[in-house]
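Single-letter residue listing:
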Amino acid sequence: MKKKDNMLFLSPMLREGIQVVDGQDAFLLIPRQNWLERLSIRFFKQPAFRKVKLDALGEFVVGQIDGKQTVLDIEKRFVEKFGNDDDMALARLVKFLQILEANQWIKWNK
């Protein structure tokens, strides 16, 4: 039986090719790479990247993802910046990271 790693002690890192665009609004630029998307780019003049708009919390978390800081480190900075009045900061952070992982936009360093 394979032992599962605790997410809190892992370090998230954005996958290669994914870019963060800061400015008035923050976005993740996700390259469109599968064969159907490449066809739509070529023949239907679709954009080569998908833009995913980030809110202030998402922008902060994505800015902290560098492959060196663990989830607990990011949570500590998150609480310092946004507070934790409802004791849900860690739950929000983990859920956001799970969404990024489900979309294969991050990978984990041990």
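All figures in this text were calculated on a predicted structure; none of them were measured in a lab.

Asks: How should the sheet that holds strand 4 (residues 49-54) be read in this particular structure?
Replies: Across a sheet, strands are paired by hydrogen bonds formed along the backbone, either parallel or antiparallel in direction. If you trace the three strands from one edge of the open sheet to the other, you get 2-3-4, paired in antiparallel fashion. The open sheet terminates on both sides in strands that have one partner only, identified here as strand 2 (19-21) and strand 4. Neighbour-to-neighbour, the strand axes of the sheet open up by a mean angle of 30 degrees, direction not taken into account. The pairing of strand 3 (residues 26-31) with strand 4 spans six bridges and is classified as antiparallel. Paired with Ile30 across the two strands is Arg50, which belongs to strand 4. Relative to strand 4, helix 2 (residues 56-64) is tilted by about 115 degrees, and along the sheet it contacts strand 2, strand 3 and strand 4.

Asks: Explain a nonpolar patch on the surface to me, please; I cannot follow it from the model alone.
Replies: A cluster of nonpolar side chains, contributed by Trp35, Leu36, Leu39, Phe43 and Phe44, occupies part of the molecular surface with about 630 Å² of accessible area. In this structure, Leu39 sits in helix 1 (residues 35-44).

Asks: How should the side chain of Thr70 be read in this particular structure?
Replies: Tracing the backbone through its elements, the reader meets Thr70 in the loop between helix 2 and helix 3 (71-82). For Thr70, a relative accessible area of 18% puts it in the buried group. The contact partners of Thr70, leaving out residues within four places of it in the chain, are Leu8, Phe9, Leu10 and Ser11.

Asks: Would you take a moment to explain the pattern of salt bridges for this structure?
Replies: Here the idea is simple: oppositely charged side chains can pair when their charged atoms come close. On inspection of all chains with the given rule, the structure shows four salt bridges. A salt bridge links Asp5 to Lys110; its shortest N-O distance comes to 2.9 Å. Of this pair, Asp5 sits in the segment before strand 1 (11-14) while Lys110 sits in the segment after strand 5 (106-109), and the two are 105 residues apart along the sequence. Classification of Asp5 by relative accessible area gives partly exposed; the value is 42%.

Asks: Explanation requested: the packing of aromatic side chains in the structure shown.
Replies: Aromatic rings considered in pairs are described by the distance between their centres and by the relative angle of their planes. Applying the stated criterion across every chain yields a total of three aromatic pairs. Taking the centre distance of 6.3 Å and the plane angle of 50 degrees together, the rings of Phe60 and Phe78 count as tilted. In this pair, Phe60 is assigned in helix 2 and Phe78 in helix 3, connecting sequence segments 18 residues apart. The class for Phe60 is buried, based on a relative accessible area of 15%. Look at Phe78 and Phe82: their rings are 5.2 Å apart centre to centre, the planes differ by 45 degrees, and that puts the pair in the tilted class. Taken together, the residues Phe78 and Phe82, both in helix 3 and four residues apart, mark about one turn of the helix. Residue Phe82 is classed as partly exposed on the basis of its relative accessible area of 32%. Here the aromatic residues Phe60, Phe78 and Phe82 are joined through ring pairs into a cluster of three or more.

Calculation notes
- Residues numbered from 1 in each chain as written.
- Predicted model: local features only at pLDDT ≥ 70, side-chain atom pairs only at ≥ 80, totals over all residues.
- Heavy atoms only, no water.
- Pairing = 2+ DSSP bridges.
- Helix = DSSP H or I, 4+ residues; strand = E, 2+ residues; numbered from the N terminus.
- Axes fitted to C-alpha atoms, helices over the stretch in contact; angles between N-to-C directions.
- Contact = heavy atoms within 4.5 Å.
- Patch = residues over 30% accessible without salt bridge, like charges linked within 9 Å, V, L, I, M, F, W, Y side chains within 5 Å.
- Areas by Shrake-Rupley, 256 points an atom, 1.4 Å probe, with all protein chains shown as cover.
- Salt bridge = Lys/Arg side-chain N within 4 Å of Asp/Glu carboxyl O.
- Buried < 20%, exposed > 50% of the residue type's maximum accessible area, 1.4 Å probe, protein only.
- Phe/Tyr/Trp six-rings, centres within 6.5 Å; stacked < 30°, edge-to-face > 60°.

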